[in-house]
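An overview of the molecular structure
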Amino acid sequence: MSECTFIILGASGDLAKRKLFPALYKLVRDQKIQRYAIIGAARDELTVDDIFARAEPFVGSIDKELWQSLIGKTSYIQIDFDDEQSFSRLASHVSTIEKKYGLAGNRLIYLATPSTFFCSLTHQIGKSGIASRNLPGSLTWQRLIYEKPFGLDEVSARQINECIHEWFDESQIYRVDHYLTKELVSSIVLIRFTNIIFEPLWNHKFIDYVQINLSETLALEGRGRYYDHYGVMRDIVQNHGLQLLSLVAMELPEKLDAAKIQNEKTKVLEKTRIDDGFLGQYQGYRDEIDVKKDSTMPTFACLKLSIDRPRWAGVPFFIKAGKRLERKDTSIHIKFKNVDCTLKESCVYESDYLTIQIDPDARFSLQLNTKLPESMYEVMPIQLVFNHDYALRTATPESYEILLEQIIKGDQSVSVRFDEIEHAWSIVDALQKLSLLSYDYQPLTQGPHEALAQFAQKYRIRWRV
């Protein structure tokens, strides 16, 4: 992966400044790319210095000399996403830059835009020749990255996919969910299938329920126009939430490769449905910039799902996701059933839990019961914890660093296949039929308190936060 031309459409946006430019800096710093050029394009009238000034606060520690080198190899061109002439100019600019730096033509094109632009941008990219369909025996490659969410519903997702396949092969397409590159997400399959103490218990006979948390403390951070169009169901549940659910619930794949794992995840999503739940909106949401004053868009969702497969008969899966909550937390909690109480003196104890913590710390823990010190029969829970960064004495790379590195290598395990997306949208689209109630909640709390309490009582769940 020694050389690549990075083309970022939507280079003036939030994703580019927070994630993409910091990730590119770190890949260059770690010498994972040596010969490169970066070309940003967007509708805004900006300079390269403007773009990097916006990105710098999100990088952390910076080597000033390296940062300036990155700036020097970056160019920016203002374009109109709907204008063919703009893309002709961009295509010409890309060729000029590649000649300047002696690059062979390996191109990675990142569509860091709302999905409403995906179809038209794909058409413009293909027609202008910025990227073309893979040809047998070609010594160079072009790959396109589509940021989540992929569409607004199942119908729009299919339309986008048809536009893509009109111009490009599936092997060139990366519909990304950056959560799949997080250290413990990519480890879920191995944690489960390589440990004899888990795999025989991974079914309805021993598991009581599974809880998936996806909470953020942040508000909209200037993304009101985007968020008020998508909301928590499209922004988080349809992708991150259902991807985590499918990884936990899938059967053993024939082989640990991208295609076989995608096959098993798709089978799970095909049999998953939402049974119940409620929504919420944090107080002050309608005062955010670019949010409608009468908006009913949910910023919180609490859902009960079921999977119609023999392994999971009767096991509820709960997804709790939202913005402006009391803590940042992405985690999976697997509650095992209680042991039949045969020790009459010690019948009061908690269930065992396996917790996979993804954010803010990469760790997993197993809660077990043991004797309370200085007592005869009292039981207390303890946690056995593995902290990835502490145990390995190394910082886990950020998800977008891994994402870009793996796509440059051509690894499609970081991509979500279209049939996965299709089934995920089918699950979320069916939510409209349930007419779920929505509640206001105070910012920086756990969400709608009374509704959470009633839901927990109804389904006999103890929320892990």
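Just so it is clear, the structure is predicted and the values come from calculations on it, not from any experiment.

Another aspect to go through is the environment of Thr-370. Inspection of the secondary structure puts Thr-370 in strand β13 (residues 363–371). The exposure class assigned to Thr-370 is partly exposed, which follows from its relative accessible area of 33%. Along the sequence, Thr-370 and Ile-382 sit twelve residues apart, while their C-alpha atoms lie 7.0 Å from each other. In this structure Thr-370 touches Glu-378, Val-379, Met-380 and Ile-382, once residues within four positions along its chain are discounted.

What the rule picks out here adds up to 30 salt bridges. Where Lys-17 meets Asp-14, a salt bridge forms, and the shortest distance between an N and an O atom there is 4.0 Å. With Lys-17 and Asp-14 both in helix α1 (residues 14–29), this residue pair falls three residues apart, about one helical turn. Assessed through its relative accessible area of 21%, Asp-14 is described here as partly exposed. Overlapping salt bridges bring together Asp-14, Lys-17, Arg-18, Glu-221 and Arg-223 as one network.

The next subject is the pairing of strand β5 (residues 142–147). Within a regular strand, the side chains alternate between the two sheet faces. Burial analysis of β5 places six of its six residues in the buried class, which makes it a mostly covered element. Taking every second residue as pointing to the same face, both faces of β5 are buried, with Gln-142, Leu-144 and Tyr-146 on one and Arg-143, Ile-145 and Glu-147 on the other. Across five bridges, the pairing between strand β4 (residues 107–111) and β5 is parallel. Across the sheet, the residue bridging to Leu-108 is Arg-143, located in β5. With helix α5 (residues 118–128) bridging β4 and its parallel neighbour β5, the resulting β-α-β unit is right-handed. Direction of pairing for β5 relative to strand β6 (residues 173–176): parallel, over a ladder of four bridges. Its bridge partner being in β6, Tyr-146 is matched across the sheet by Arg-175. Regarding topology, helix α6 (residues 154–167) serves as the crossover connection from β5 to the parallel β6, and that connection is right-handed.

What follows concerns the pairing of strand β7 (residues 207–215). Counting buried positions along β7 gives eight out of nine residues, so the element sits mostly inside the fold. Across six bridges, β7 lies against strand β10 (residues 317–322) in parallel orientation. Within β10, the position partnered with Val-210 by the bridge is Phe-317.

Reported here for the second largest pocket is a volume of approximately 460 Å³. Elements supplying a minimum of two residues to the lining of the second largest pocket: α7 (183–193), α9 (258–270) and α11 (399–408). The dominant element in the lining of the second largest pocket, judged by the number of residues it contributes, is α7, at six residues. Tallied by class, residues from the lining of the second largest pocket come to ten nonpolar, seven polar and four charged.

Next up on the list: the packing of aromatic side chains. In the structure shown here, the tally under the stated rule is 24 aromatic pairs. Between Phe-455 and Trp-463, the aromatic rings sit 6.4 Å apart at their centres with planes inclined by 5 degrees, giving stacked as the arrangement. Each member of the pair, Phe-455 together with Trp-463, is buried. Put simply, the rings of Tyr-209, Tyr-227, Phe-278, Tyr-282, Tyr-285, Phe-300, Phe-318, Tyr-439, Tyr-441, Phe-455, Tyr-459 and Trp-463 touch in pairs and so form one group of aromatic residues. The positively charged end of Arg-143 is found above the aromatic ring belonging to Trp-141, 4.0 Å away from the centroid.

In this section: helix α8 (residues 224–249). Maximal helix bending in α8 amounts to about 95 degrees, located at Gly-231. Buried residues dominate α8, accounting for 23 of its 26 residues.

The rules behind these values
- Residues numbered from 1 in each chain as written.
- Predicted model: local features only at pLDDT ≥ 70, side-chain atom pairs only at ≥ 80, totals over all residues.
- Heavy atoms only, no water.
- Helix = DSSP H or I, 4+ residues; strand = E, 2+ residues; numbered from the N terminus.
- Buried < 20%, exposed > 50% of the residue type's maximum accessible area, 1.4 Å probe, protein only.
- Contact = heavy atoms within 4.5 Å.
- Salt bridge = Lys/Arg side-chain N within 4 Å of Asp/Glu carboxyl O.
- Pairing = 2+ DSSP bridges.
- Right-handed = clockwise from strand over helix to strand, strands pointing away.
- 1 Å grid on protein atoms, 1.4 Å probe; cavity = no way out; pocket = protein on both sides within 12 Å on 5 of 7 lines; lining within 4 Å.
- Points joined across faces, edges and corners; volume = space filled by probe spheres on them.
- Nonpolar A, V, L, I, M, F, W, Y, C, P; charged D, E, K, R; others polar.
- Phe/Tyr/Trp six-rings, centres within 6.5 Å; stacked < 30°, edge-to-face > 60°.
- Lys NZ or Arg CZ within 6 Å of the ring centre and 35° of its normal.
- Bend = angle between axes of the 7 residues up to and from the residue.

Function-wise, these values are silent; they only describe arrangement.
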